[in-house]
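# Residue-level structural notes
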Amino acid sequence: MKPLRGTFDSRSAKALADPSLQQALRNFKPLFVAKRAAAVAELPDFERLRDTAAAIKDAVLSELDVWLERYAEKVESLGGKVHFARDAAEAREIIREICRKAGARTVCKGKSMVSEEIGLNEALEEDGYRVVETDLGEYIIQLAKEPPSHIIAPAIHKTREQVADLFEKNHPGRPREESVAGLVNEARHALRERFFESDVGITGGNFLIAETGTSVIVTNEGNGDLTQTLSRVHVVTSGIERVLPTLDDLSVFLRLLARSATGQDTECYTTLSSGPKRPGDPDGPEEYHVVLVDNGRSKMLSGRFRDMLRCIRCGACMNHCPVYGAVGGHAYGWVYPGPMGSILTPLFNGLAENYDLPNACTLNGRCQAVCPVRIPLTELIRTMRNEQVKAGLMPASQRRMMAAWGWVARQPGLYRALERLGSRMLRLRAGRSGALSSLPGASAWTDARDLPAPQGPTFIDQWNARGGDQ
Amino acid sequence: MTHSNRAQPRVGLMATCLMNVFRPNIGFSAADLLRAAGCRVEVPSDQTCCGQPAYSAGDDDAARAMARQLIEQFEAFDYLVSPSGSCIGTVRKYPQLFADDDPWQARAEALAAKAYELLSFLVDVRRVAIDARYQGKATYHDSCSGLRQLGVKRQPRELLSQVEGLEIAEMDDAEVCCGFGGSFCVKYPKISEKMVDDKLKSIAASGADTLLGGDLGCLMNIAGRLRRAGAKVRVWHTAEVLAGRTDGAAIGEEEAR
């Protein structure tokens, strides 16, 4: 996916002014948070599971090459094919080639963030394939020609009415549906036809299991299963960091993923696929491919953002992020929104181009508190700011202000004098009113709020005047 | 200068920049409470800032310079205490700013280990009996830094439960950021405005006539927005209520004639 047009500021301003988006955000926000809290409360082991999961991921990451090799060997021994793609362009080419060789016309897709990351749909459509998203949310935004705004609920920014409009326009000959159940049913009917026509089915891979050569997807709609079993060719797209050693390890992550993502004990469908259809199998794909995408991940292994590779894409961080809750996912400009995106997007697409993402954060720590694999997201967002500073990206005005403040703050006498002066001026301006409704140079504060005025001389001056303690 | 002893530890009170300029009453309240907890309180006159703005902005060089200054000013005390979770959170981060073989690292560790946010200090380290009255129904905003970096949650509630006349009405989303976030509120004012409005809705829904919290930045943000919205909710730092220093104007409130 190409980065969205505009800046973070322009996109977030648009988001704040969009009443249906704000309505959609109001609807969804409490849902995910409350459901997760309830699910976690019912599993006393949850905190220990988080530790275990983080430890498993760290162990895998410290020998990632070994685990990837084992996984690939196993897949190939089952008759599958593993492709390593260094970047997005390489990944696109590999999948185009698979589709071309298969003589495909229709390509069905299960939800895959990596396919969004590498801009797969655009490439395949350019080649003339009919590309059909089969996840309900992805299907909706495909019809709307919009990018996803959430990694597990891609159409979360759409209200029910908007979806009804969209379906009415795109499903000619059907009466308009208004209810959620009716809309789901309508999508199911439209998609069923496509599944039968599908030549190549592309899914993501939530986890890849080295010991068995298995790819695992979890969905709530079962669309992933239909995508991969009804197509002649199954292609799994996944990041290289998604490999786990054993099925036992998988059980730890499955217990964390659904609870963190949607507050379910488990997703409705957990599907394990190992290789193509074997002789005697009643169904399954004739070909089974796994495209493992690096696209900057191996570089993260050796740097300050390595912990980010533990991410299992549950979306808990954005569900709990108050900034995401205010502006939604499109403001972040690319595939990965919210806290995890504020780290991944600058790493994948450039620190300068995405200057705002790590800065548009209050460092409130709520994301970090819920991350199932204990990624220190808040710390990493601050670290990203530090990388931006080191790269000279802090705007000149802010840099000058920071330098001046840093110097003054190391001259206690001068700092005291300036605080005294500031206090006196603010008090003069406020009179006895207790607050200022405007202040030259501080409109960013006073446009929305009054500024409480200082109570009197500074604390330290008053303290010293009273002779200190007692 | 008195020598420290366990019966009467020497506490260096860190006057946060905002408190020092905008709300000295919090400083005096903190001193009262610390004395009531049997501490001897000193306020180093040459202290300036803990470096939080630089640290949060990712400017580690500037933050390190501030850290060295503050370590020198406060390391002789038995404890460093401040009525702010975010400033103490910054002091607790100091060790990360220095390399392992830097002699400042050990000094940073030592200071971080005895640096406490006021309300948690008064419960977890020194017991204090509260002797205060406040007539009202208050709701509590858990400021993010105190809550998630320092685990300040039950301590203020435990202390406030001893205040005569005070009723606590918890609000929904008490643990959700109010949109202050230091420079965030002026860098992204519209998003911040949306967030503080969400907070105002939660406060209104709680039916409280008073908002309490432990970090002045958040309180000024919320009080400023409440006043702009014409809401009649009074805003105090928890220390002011605990010390019984609530005779004057609350934060952002007009002075009595």
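Residues numbered from 1 in each chain as written. Chains lettered and ligands numbered in written order. Predicted model: local features only at pLDDT ≥ 70, side-chain atom pairs only at ≥ 80, totals over all residues.

### Digging into the overall build of chain B
Put simply, the test is: Per the convention used, a helix needs a DSSP run of H or I reaching at least four residues, while a strand needs a run of E reaching at least two, with both numbered from the N terminus. Radius of gyration: over C-alpha atoms. The globule rule applied is 2.2 Å multiplied by the number of residues raised to the 0.38 power. We call a residue exposed when 12 or fewer other C-beta atoms sit within 10 Å of its C-beta, buried when the count reaches 20 or more, and partly exposed for counts in between; the C-beta positions come from the backbone. It is the C-beta atoms, placed from the backbone, that decide contacts: two residues are in contact if theirs lie within 7 Å.
When helices and strands are tallied, chain B shows 13 helices and eight strands. Taken over the C-alpha trace, chain B has a radius of gyration of 18 Å; the compact-globule value for 257 residues is 18 Å, and the two agree within 12%. Each of the three principal axes of chain B carries a C-alpha extent, and together these read 55 × 45 × 35 Å. With 257 residues in all, chain B has 57% of them scored as buried. Once local pairs closer than 6 in sequence are excluded, the contacts in chain B between residues at least 24 apart make up 77%.

### Digging into the overall build of chain A
Scanning chain A for helices and strands turns up 23 helices and twelve strands. Structurally, chain A occupies a C-alpha span of about 90 × 55 × 45 Å along its principal axes. In chain A, which comprises 470 residues, the proportion classed as buried is 48%. If you take every contact in chain A between residues at least 6 apart in sequence, the share linking residues at least 24 apart comes to 74%.

### Digging into the domain arrangement of chain B
Accessible area lost during the coming together of the parts is what is often quoted as the interface size. Residue and element names in this part refer to chain B. Stated precisely, the cut-off is as follows: Start and end positions for the domains come from either an automated domain assignment or a database one. Only Asp, Glu, Lys and Arg are considered charged, only Ala, Val, Leu, Ile, Met, Phe, Trp, Tyr, Cys and Pro nonpolar, and every remaining residue, Gly among them, polar.
When the domains of chain B are assigned, the result is domain 1 (10–123) and domain 2 (130–242). Relative to domain 2, the C-alpha centre of domain 1 lies at a distance of 22 Å. Taken together, the contact pairs 26 residues of domain 1 with 22 residues of domain 2. Of all the secondary structure elements, the ones that give two or more residues to the side of domain 1 that touches domain 2 are helix H1 (17–22), helix H2 (24–36), helix H3 (52–57), helix H5 (85–97) and helix H7 (118–125). Here the side of domain 1 that touches domain 2 is composed, by residue class, of 13 nonpolar, ten polar and three charged.

### Comments concerning the nonpolar core
The criterion, for reference: Among buried residues, those of type Ala, Val, Leu, Ile, Met, Phe, Trp, Tyr and Cys that are joined through C-beta atoms within 7 Å form a set called a nonpolar core.
Core analysis: the largest hydrophobic core is formed by 201 residues, its most contacted members being Leu244(A), Val291(A), Leu13(B), Leu34(B) and Val235(B). Top contributing element to this core by residue count: helix H12 (residues 216–228) of chain B, with seven residues. Sequence-distant contacts of Val235(B), defined by excluding residues within four places in its chain, comprise Leu211(B), Leu219(B), Ile222(B), Ala223(B), Leu226(B), Ala250(B), Ile251(B) and Gly252(B).

### Overview of the interface of chain B and chain A
Each partner contributes to the interface: chain B provides 60 residues, whereas chain A provides 52 residues. The element that contributes the greatest number of residues to the side of chain B that touches chain A is H12(B), accounting for seven residues. Considered class by class, the residues forming the side of chain B that touches chain A number 29 nonpolar, 14 polar and 17 charged.

### A few points about the sheet that holds strand S4 (residues 200–203) of chain A
All names here are of chain A. Applied cut-off: At least two bridges found by DSSP between two strands are what make those strands a pair. Here the axes come from fitting lines to C-alpha atoms, over the contacting stretch only for helices, and the angles between their N-to-C directions go from 0 to 180 degrees.
Read from one edge to the other, the open sheet built from six strands follows the order S1-S10-S7-S4-S2-S3, with strand pairing classed as parallel. In this open sheet, the two edge strands, each paired with only one partner strand, are strand S1 (81–85) and strand S3 (130–133). When strand polarity is set aside, the average angle formed by the axes of neighbouring strands in this sheet is 20°. Judged from the four bridges that link them, strand S2 (residues 106–109) and S3 form a sheet pairing that is parallel. In the sheet register, Thr106 faces S3, and the bridge partner there is Arg130. Strands S1 and strand S10 (287–293) of the sheet are contacted by helix H4 (residues 64–77), whose axis makes an angle of about 145° with S1.

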